[in-house]
Structure formats: structure tokens, C-alpha cells
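An overview of the molecular structure
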Amino acid sequence: MGELEKFENLLETKLGINRTLKKGEVVKGRIVKIDERVAYIDVDYKVEAVMPREELPSEAKEGDEIKGVLVKFSRGVPVLSFQRYLNERLYGFLKSAYEKGKVVEGRIEEVLENEYIVNVSGVKATLPKSEARPGLRKSSRVVAKIKELSISKDNFMIVLTEKDLLEHRRKKKKEQVLKNLKVGDVVDGKVIKIDPEKGITLLVKNALRAFLPKEELSWGRDKNPYNYTEVGERLKVKVKRIPKDGEFIFVSLRELKGNPWEKATELISKGQTLSGKVIDITEKGVLVEVLEGVEGFVPKDEVSYDNTMPKKWDTVNVKVLEFEPKQRRLILSIKRTLPKPWEEYLKKHPVGSRVKGKVEKLEGASAVIDLGEIKGIIHRSDLSWLKPNRVEEVLTVGEERDFAVLGLEGRYIKLGIKQLQENPWDSFVKKYKVGDKVKLRVNSIHPFGAFLEFPEGIEGLLPLSEIENIKDIKVGNELEVRIIDITPNSRVTLSAKEEKKTEEIINEGSESGFTLGELLKRKMKL
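Since we're looking at a predicted model, the values are computed, not measured.

1. Regarding the confidence of the model for the chain
On average, the chain scores 85 in pLDDT, and the residues at 70 or more come to 91%. Residue range residues 4-16 is modelled with pLDDT below 50. Its contacts to residues more than four positions away, or to other chains, number eleven contacts. Low confidence marks residues 512-526, where pLDDT is under 50. Its contacts with residues over four positions away, or in another chain, come to 17 contacts.

Below, the structure is given as C-alpha cells:
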């Protein structure tokens, strides 16, 4: 090659005549001039390249170096784009972060209903709320991974997620929590799930999940998780087991409260009245929980006076009959805390009241009367003011009639019939006195004497010793007799003998050895 040829080639290279530019290529040059429309850039090409002035950085000036992407040739003049260069450079950075799983940073510009708009290096990205940590707001700093990335006509489509980072942080935190945790520790957890068939799931320190089986809820029979907490509430529990895999720890609520039977020795004593909840009803009786985990048994005959039974979950009062905490044995009575129905009946129907009752059965010299809620009893002596009749002559089983309330006899209301009528003795003692002579009819004759009836219906006894000759007396006869003794509400004693004078009594007494005082007493008695 001659010297001239070498010089021409060197000149062409110097002037860039031999340099080729490709569309899409990143071109570097120096700004030589800026006018109102474009900037002229020396890129070592045969002609200067141009760049629209609106794409220039605000601080750019003549003499500065600048890069741009060759977007086209306009009449042989290269046209560069600084924004395209920035976008491709940013896309490369974002793509690398996306492919390598690296994090990017940004700040929230807008808070929408289901997502956040995040500014990442001047580009808008979306962060779905389902992929974000709670509590974010406008201007919050976001450190996230790119979940989706694409570019179309210089527009980016970027979807972010914080889940991986949150999970990573949770694992780190969980490892730290597990490292410092041991069986027996008491922890506080947030309830995140309730399964009524299995138990409760909690989140401890926002990192470690804990499972509370329903069997560990209580020492008692109530194993319904919803009776102890709700989702979102916080619950203190005791660590019971830490598996090697560390995914879940197992906790207990009841162990946090201690064995209730040990506590019961300080709170329960024989004879004490307590309040409890009915937790089960069986054929033999009722189970009542008086303290959480402490159940007592109420035998069937100690439940009520009228055989009524409470309902499950009712609150009842109970009296402690037997208490053996070491054997976990507690015998209770509901009935003994209730008002006694016979006492309540007597309050409503005090002594002297008239009540209706039905004859339930006859028992010897008494009868049992059905008063509805309770039973009454009447004895033969309360059937009549006069000579008591046999019970069956006055009362019939199934008969309903009025009775007078006389008081209590054990669990029975003591009743009477004669008390509903006027006492004939009241008028008798006003009308008659000892010494009166009356003419009475003979009702009956016996080996010991005879009974005579007054008009008032009261019978008087004429003893054999006060009759001259019993053979002369017949039933239905009328006899003139003298009253020699009156015991009100009980008996009247009569005499058919003639009254002797005082002198005769004294003489008889002298012959028989009686003193004068004794004879006078005898006369007064007669």
C-alpha cells in the first residue's frame, strides 16, 4: 500500500467514515452544541448524532459526555435516546434482581383498595396487599422481591412481594425464639385458628406456631374452645412439648392453672354451700362443677323435694355432704339448699287455715292427705271433739274435703277436722258444773259402767261404783244422775247414788278410820 493510500485510510478512520452504527446500540459521545430542539453529540461518526432536548438530563451542558440508545437514522443522522438508555439500564438491573432473587427498595406513592403503588428507582411497581406485611401506608419504605417483570414500549410491568422476606425473617425469628424456649415456660400467643374438634392454634411472638389441644383446655369437662377464647384474642399458655422439627410447639392452658383438686382443699369444706354449673345428668344423679375441674356428684334423692331435675349448664346452689380431695370425691346436695316445701306451705297456709286435700291412704289410727305439693297427716284424735271414731268410719280413700291446718309434724302438715267446728266443751263448761243433777239417756253399758249422753253430744261415764245395781239399767233408759267431776275436753264423771249428808260421811269415816280432813276432801270430790 502506498503512502497516499495509508493516509486516506487513516483520515477515514479519524473522521469515522468507516465506523458503523446499529439500531439499538448504546452509543457514547460528547455534547458539542445544544439548541432549542436538539443536542448535537460527537460520537466519532461521519456525522454528529442528535438527541431531543427534552430527553437530556436537566443538568447536561456542552462538553459533557453522555450515552444514549440509537433508536433510528433520520436522513443518515443517528438519533439517540437518553430515556431509552436509562430504561434499558434499569431493566437490566431489575431483570438481574428478578432472576437472582435479590431485593429492591422503594417507597409507597399510593394506597389503593387491593394494592400499593411503589416507586422503585423512578419506575412504578405494584405490591398486592395479599403479598405485603400489614400496617403499610403512604411513604412507607418497602424492601421486596420482584414477583413478575416485563417491559413493553418503554413501559415496565413490575409486581412485588414481601412474602419471601417475611417468611425468611419469621424463620430467623422462630429459630431465635426456639433457642430461648424450654418446657414449662409460660408464653403469650395470638389465637389464629380454632378447630372445635381438635383445639386452638396460636402464633407466639409473630414467629412460632403453638397448638393447644382441646384436652388441655381445662381440668373439667368443658372442652369447647369457643368457651375459652376467640380468633384474634391473646392467650397465656404453658409450654408442654417442643418437637425436634420445631414446626409446632404443644402448649397447655389447664396446667397453667395448676391441679384444681389441690386448690379445692383451701376453698371447700364439709357443710359449705357453693354455687356450681350442671355439666351432666344421669339416671343416678347430677354432676355439678363447683370449681374449674372440680366436679361433685348429687345423688338423685338429693336433687329436689319433688323429683324435678335441673337442665344441663344450669347454675345451682349445692351443699357439701362429703369431701375427700385425695380421692377426688365430692358428694353434694341441691335439695338441702332449697326452701323446705312443707315450711313454705305453712307460711302460705298458717295454723288455723282451711285447706282442701284428698285422702291418699289410711294407716292405722291416721290418714295421709295429698295437699298437692306436699303431704298432710291427720290422727284419729283430731277427727272429732267427742268420742274419737275409727279413721275409716270418717274418711274414705280418694275423698276430697276441707281440713284445718294445725302445724308441722316432720315433713307433714298436721291436719284436723274437728278444728273446723265449734268445740262443744266450750258451751258445756259454761252450762254445767260439779253437783248439777241432770236426766240423761243411757247410750251403752259396759262391765266398768255405763255411758250417758248429754244434749250437747258429750258422753258422761257412770262408773260401776256409782250405781246401786247395774242390772236395773238398760240402753235407752233415762236416768237422773249427778255430775261429780268435769275434765274439760276429756271426760265427765257421773253418779246415780243419792248424795249423803256430811254427818253420815263423818260417821262412815270414823268407823273406817278416816280423819275429818280426809272425809271433807272426799265429800268435796263427790
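More follows now that the structure is in view.
2. What to know about the packing of aromatic side chains
Using the criterion set out here, one finds seven aromatic pairs in the structure. A centroid spacing of 5.5 Å and a plane angle of 70° characterise the contact between Trp-425 and Phe-428, whose relative ring orientation is edge-to-face. Residue Trp-425 and its partner Phe-428 are both found in helix 8 (residues 424-431); the two are separated by three residues, about one turn of the helix. Relative to Phe-454, the ring of Phe-428 has its centre 4.8 Å away and its plane inclined at 90°; by these criteria the two rings are edge-to-face. Placement of Phe-428 in helix 8 and of Phe-454 in the loop between strand 27 (449-453) and strand 28 (459-463) is noted, with a sequence separation of 26 residues between them. Phe-454 sits in the buried class, given a relative accessible area of 2%. An aromatic cluster is defined as three or more aromatic residues linked by ring pairs; in this entry it consists of Trp-425, Phe-428, Tyr-432 and Phe-454. The positively charged end of Arg-241 is found above the aromatic ring belonging to Phe-250, 4.2 Å away from the centroid. One Lys or Arg, Arg-254, reaches over the ring of Trp-219 and ends 4.4 Å from the middle of that ring.

The rules behind each value
Residues numbered from 1 in each chain as written. Predicted model: local features only at pLDDT ≥ 70, side-chain atom pairs only at ≥ 80, totals over all residues. Heavy atoms only, no water. pLDDT = per-residue confidence, 0-100. Contact = heavy atoms within 4.5 Å. Phe/Tyr/Trp six-rings, centres within 6.5 Å; stacked < 30°, edge-to-face > 60°. Helix = DSSP H or I, 4+ residues; strand = E, 2+ residues; numbered from the N terminus. Buried < 20%, exposed > 50% of the residue type's maximum accessible area, 1.4 Å probe, protein only. Lys NZ or Arg CZ within 6 Å of the ring centre and 35° of its normal.

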